[in-house]
Amino acid sequence: MVWIWVMSLVSVVMADNIQLQPMTNILSGSTNLNVGSYAIPCVTDWNGDGKKDLLIGYQTNSMIRVYTNAGTDAKPVFTTYYDLTADGTNKIQYPCGGCGAPAPWVCDYDGDGKRDLLVGDGAHGTVFFYRNTNTDANPKLVLNRQLKAGGTNLTVGIRATPYVCDWDGDGLTDLLCGDGDGYVTFFKNINTNTQAGQVPVYTNGVRIQAGGVDLNLGIRSMVRVFDWDGDGLKDLICSSDTGIYWCRNTNSNQQPILQAKAFLQVPSTNGQLVNITSSLSSSTRLRLDLVDWNNDGVMDLIYGNSSGNVFYNEGYNFRIRLTPQTNHTIALQWDSAPFLKYNVLAYDCLDGIPCPAVTNLPSEGKTTTWTNQMQGGQQFFRVQIVTNSP
């Protein structure tokens, strides 16, 4: 249950999980964006114009489509697209049957200051590095190498979904890779030469654990790393065929210890917080990315599915503000989401017995306000999402 304390005119905000707004479709023009089947999105400023674009691996042609943003980050416009090429005019293509598609990840892989491309091969579980030999404004990709681990070709079996981050806090960029069986493998980078042009050197992979056992998300796993609950520790945000999950880190950034997976939730039209499952998007094979899409300082959720659509859940912090009032009137205003209801509880001290000030207060959209007279010794207020209201 989400809650916040407020004392008189001073708000005391506890660290809390990111909350998500209801799901919306990413549009291409005036219609829902669709790449055919098995969309695997990666958000990046691909053409260096300062606006977020979309790279989407898809199965129809087993290629990677680029949607350039002709609008703004707050109001993106995706009307034109093309398939990525490398080595001149050759389209990047990794044929894969079943439910596979090439999985793109964009980063400066070789430390030369320009964005490069990693591609996970859905059919064979391998990963390939495409170096950008031109500029960020006009990337030109050249296939540089197939990634290796422990001296041999790196593979996770099938459906490789690569993601680069410093997982063990040693200052070097490691590789986390999902796979077709639902596991996540950690490949540690041991190349301490960080000069421009140097690429990571990986040890043999080990499976990420959560809840004391090898993390298994079902099938078709994909991961991102982010401090989801604001406690200073990086967590694992994951997706699979069944849904989208959060594995909370309870130890440190150098030696993460993850709790068992828990569903991320979103508001539904019946006033409930519901798990993000395949049924919400009426399709399977959910593949996620995390990005501050609208530049408001809070991480948002993007994900594609087997039907080729891409969805967006705006993130927000459940934070409260006080508006100065006269005549002992208190006005509480908090970030909220449509469909939900809220309780406001009043206390005379932090450890006191709560007295309901208002219950089942309907959401007013993205911001909800409650104004009332302070009664007696009321000094503290708790705002909570009502999770059991119809």
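Before any of the text, the structure's been laid out above.
Residues numbered from 1 in each chain as written. Predicted model: local features only at pLDDT ≥ 70, side-chain atom pairs only at ≥ 80, totals over all residues. Heavy atoms only, no water.

Visitor: Whenever I open this one, the overall build of the protein chain confuses me. Can you help?
Guide: The helix and strand inventory of the protein chain stands at 0 helices and 40 strands. Over its C-alpha trace the protein chain gives a radius of gyration of 23 Å, about what one expects of a compact globule, namely 21 Å for 390 residues. Of all intrachain contacts in the protein chain linking residues separated by at least 6 positions in sequence, the fraction that spans at least 24 positions is 52%. Just so you have it, the protein chain exposes about 16000 Å², and 50% of that area is on carbon and sulfur atoms. Taking the average location of the 26 positive side-chain charges in the protein chain and that of its 34 negative ones, the two points are 6 Å from each other. (Helix = DSSP H or I, 4+ residues; strand = E, 2+ residues; numbered from the N terminus. Rg over C-alpha atoms; globule rule 2.2 N^0.38 Å. Contact = heavy atoms within 4.5 Å. Areas by Shrake-Rupley, 256 points an atom, 1.4 Å probe, with all protein chains shown as cover. Lys, Arg positive; Asp, Glu negative; His and termini not counted. Charge placed at Lys NZ, Arg CZ, Asp CG, Glu CD.)

Visitor: Teacher, can you tell me more about the nonpolar core here?
Guide: The nonpolar side chains of a soluble globular protein tend to be buried with one another. With 49 residues, the main nonpolar core has Ile92, Leu117, Leu176 and Leu236 as its most contacted residues. Per element, the largest residue contribution to this core is 4 residues, and it comes from strand β15 (residues 127-132). Filtering out sequence-adjacent residues up to four positions away, Ile92 remains in contact with Ser62, Met63, Ile64, Leu84, Thr85, Ala86, Leu117, Val119, Tyr130 and Leu141. Counting residues in each nonpolar core, the second largest holds 23 residues, with Tyr38, Ile237, Leu264 and Tyr303 among its members. (Core = buried A, V, L, I, M, F, W, Y, C linked by side-chain atoms within 4.5 Å. Buried < 20%, exposed > 50% of the residue type's maximum accessible area, 1.4 Å probe, protein only.)

Visitor: What exactly am I supposed to notice about the pattern of salt bridges here?
Guide: Opposite charge on two side chains lets them pair, provided their charged atoms get close. Taken as a whole, this structure holds 13 salt bridges when the rule is applied. Across the pair Lys52 and Asp73 runs a salt bridge whose closest N-O atoms are separated by 3.0 Å. Note that Lys52 is positioned in the loop between β7 (40-44) and β8 (53-58) and Asp73 in the loop between β9 (63-69) and β10 (78-83), a separation of 21 residues in sequence. For the pair Lys52 and Asp73, one class covers both residues: buried. Between Asp229 and Arg248 there is a salt bridge, with the nearest N and O atoms lying 2.6 Å from each other. (Salt bridge = Lys/Arg side-chain N within 4 Å of Asp/Glu carboxyl O.)

Visitor: What is the right way to read the sheet that holds β7 from this model?
Guide: Strands in a sheet are paired, the pairing made by backbone hydrogen bonds, and the direction either parallel or antiparallel. Read across the sheet, 4 strands follow the order β7-β8-β9-β10 without closing on themselves; strand pairing throughout is antiparallel. The open sheet has two edge strands, β7 and β10, and neither has a second partner. Ignoring which end each strand starts from, the neighbouring axes of this sheet average 25 degrees apart. (Pairing = 2+ DSSP bridges. Axes fitted to C-alpha atoms, helices over the stretch in contact; angles between N-to-C directions.)

Visitor: Hey, could you run me through the sheet that holds strand β4 (residues 24-25) in this one?
Guide: The sheet built from 4 strands is open, its strands ordered β4-β33-β32-β31 with antiparallel pairing. Two strands lie at the open edges of the sheet, namely β4 and β31 (287-291), each paired on one side alone. With 2 bridges connecting them, β4 and strand β33 (residues 310-313) associate as antiparallel partners. Within β33, the position partnered with Asn25 by the bridge is Phe311.

Visitor: Explanation requested: unusual backbone geometry in the structure shown.
Guide: Peptide bonds are mostly trans, and most non-glycine residues show a negative phi. Unlike most non-glycine residues, Arg159 shows phi in positive territory, near 60 degrees. With respect to the helices and strands, Arg159 occurs in the loop between β18 (152-153) and β19 (161-165). Judged by its relative accessible area of 10%, Arg159 is buried. Although it is not a glycine, Asn295 adopts a positive phi angle of roughly 60 degrees. Position of Asn295 among the secondary structure elements: in the loop between β31 and β32 (300-304). For Asn295, a relative accessible area of 48% corresponds to the partly exposed category.

Visitor: Is there a simple way to explain the state of the cysteines in this structure?
Guide: In a disulfide, the sulfur atoms of two cysteines are covalently bonded to one another. Taken as a whole, this structure holds 0 disulfides when the rule is applied. The thiol sulfur of Cys96 is not disulfide-bonded, and the nearest other cysteine sulfur, from Cys99, lies at 8.6 Å. For Cys96, a relative accessible area of 7% corresponds to the buried category. (Disulfide = S-S within 2.5 Å.)

Visitor: It is not clear to me how the environment of Tyr303 should be interpreted in this structure. Could you clarify?
Guide: Take Tyr303: it is sitting in strand β32. For Tyr303, a relative accessible area of 1% translates into the label buried. Separated by 10 residues in sequence, Tyr303 and Asn313 have C-alpha atoms that sit 8.8 Å apart. Among residues more than four places away in sequence, those in contact with Tyr303 are Met23, Pro41, Ile244, Ile276, Ser281, Leu286, Arg287, Leu288, Asn309, Val310, Phe311 and Asn313.

Visitor: Sorry if this is basic, but what is going on with the side chain of Asp53 here?
Guide: Within the secondary structure layout, Asp53 lies in strand β8. Buried and without a salt bridge, Asp53 has Lys51 as its closest oppositely charged side chain, separated by 7.0 Å. Polar side-chain contacts of Asp53 include one of 2.9 Å to the backbone nitrogen of Trp46. A polar contact is formed between the side chain of Asp53 and the backbone nitrogen of Asn69, at a distance of 2.8 Å. Other than its neighbours up to four places away in sequence, Asp53 contacts Cys42, Val43, Thr44, Asp45, Trp46, Asn47, Tyr67, Thr68, Asn69 and Phe78. (Polar contact = N/O pair within 3.5 Å; in protein donor to acceptor, adjacent residues only side chain to side chain.)

Visitor: What should I look at first to understand the side chain of Ser278 in this one?
Guide: Its place among the elements puts Ser278 in the loop between β30 (273-275) and β31. We classify Ser278 as buried; its relative accessible area is 11%. When neighbours within four sequence positions are excluded, Ser278 is seen to be in contact with Asp241, Thr242, Gly243, Ser283, Thr284 and Leu286.

Visitor: I'm lost on the packing of aromatic side chains in this one. Help?
Guide: Between two aromatic rings, the relevant description is the distance of the centres plus the angle of the planes. Going through the model one piece at a time under the given rule, you end up with 13 aromatic pairs. Seen from their ring centres, Phe78 and Trp293 are 6.1 Å apart, and the 55 degrees between their planes marks the pair as tilted. Here Phe78 is found in strand β10, whereas its partner Trp293 is found in the loop between β31 and β32, with 215 residues between them in sequence. By the burial criterion, Phe78 is buried, and Trp293 matches it. (Phe/Tyr/Trp six-rings, centres within 6.5 Å; stacked < 30°, edge-to-face > 60°.)

Visitor: Mind showing me how you'd approach the environment of Thr60 here?
Guide: Locating Thr60 in the fold gives a position in the loop between β8 and β9. Beyond its immediate stretch of four places on either side in the chain, Thr60 contacts Val35, Gly36 and Ser37. A polar contact is formed between the side chain of Thr60 and the backbone oxygen of Val35, at a distance of 3.2 Å.

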